[in-house]
Amino acid sequence: AVKAARAYLAAFPNDPAALKGLENVFQGAKAKQGDIAALMLNAQNALRAGQLPLALQYLKDAEKIAPNDPNLQKAIKSAELIQVNNVAYYAAMNRGIASMNLHNWADAVIAFSDAMRLVPYDPWASALLFDAQRGLAAANRRRQEYDAFVNQAMQMLRAQRYSDAA
């Protein structure tokens, strides 16, 4: 529709009807994108709540609006993979979330990696994996700083510089 409106506008550059038609086409396209975004957000929220059939229905409704959208096709494929691997996927995600709540970053990274192996394009698992990796990196930095401090204090104790070791 956009190509046809632009072609007509190129042939008749100052035609008010063509300008109005092109404006209507753009407004329709914006509304369509807004509808797709809302449906995908609803699907994501349903998926997080464990309501897989509802999430798939939202995605199928969005597919009716934009059947060739590559992001939508990835989301549908992810939801279908979650449906096939439902128990293992949610077990991995729950294990990862519990590990993050306990600040056990290494176990969280492993759990979210397991979920990503089951559903490779899952944005939720991907985002949580990234957060767990950041937490693990920060914990490793703190551990290195602590080890360096303790090693320095031990060297001072060996040298009998007790006031410096404290």
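Here's what I pulled together on the structure shown here. Bear in mind the structure is a predicted one, so any value in this text is a computation, not a measurement.

### What to know about the packing of helix α6 (residues 105-118) against helix α7 (residues 123-158)
Close contact between α6 and α7 brings their axes to 8 Å; oriented N to C, the two are set at 155°. Comparing their axes, α7 and α6 come out roughly antiparallel. The hand of the α6/α7 crossing is left-handed. Side by side, α6 and α7 meet where W105, A106, A108, V109, F112, S113, A115 and M116 of the first sit next to A125, S126, L128, L129, D131, A132, Q133, G135, L136 and A139 of the second. Looking at the contact of α6 with α7 residue by residue, the class counts come to 13 nonpolar, four polar and one charged.

### So, the pattern of salt bridges
Following the criterion strictly, the structure yields six salt bridges and no others. A salt bridge links D114 to R95; its shortest N-O distance comes to 2.6 Å. Highlighted residues: D114 in helix α6 and R95 in helix α5 (residues 86-101), separated in sequence by 19 residues. Classification of D114 as partly exposed rests on a relative accessible area of 23%. According to the relative accessible area criterion, R95 is partly exposed, its value standing at 38%. Notably, a salt bridge pairs D114 with R117, separated by 2.3 Å at the nearest N-O pair. One end of the pair, D114, and the other, R117, are both in helix α6, three residues apart, so they sit about a helical turn from each other. Accessibility expressed as a relative area gives 60% for R117, which makes it exposed. Via salt bridges that share partners, R95, D114 and R117 belong to a single interconnected network.

The rules we used
Residues numbered from 1 in each chain as written. Predicted model: local features only at pLDDT ≥ 70, side-chain atom pairs only at ≥ 80, totals over all residues. Heavy atoms only, no water. Axes fitted to C-alpha atoms, helices over the stretch in contact; angles between N-to-C directions. Helix = DSSP H or I, 4+ residues; strand = E, 2+ residues; numbered from the N terminus. Parallel < 35°, antiparallel > 145°, perpendicular 65-115°, else oblique. Left-handed = near helix turned anticlockwise from the far one by under 90°. Contact = heavy atoms within 4.5 Å. Nonpolar A, V, L, I, M, F, W, Y, C, P; charged D, E, K, R; others polar. Salt bridge = Lys/Arg side-chain N within 4 Å of Asp/Glu carboxyl O. Buried < 20%, exposed > 50% of the residue type's maximum accessible area, 1.4 Å probe, protein only.

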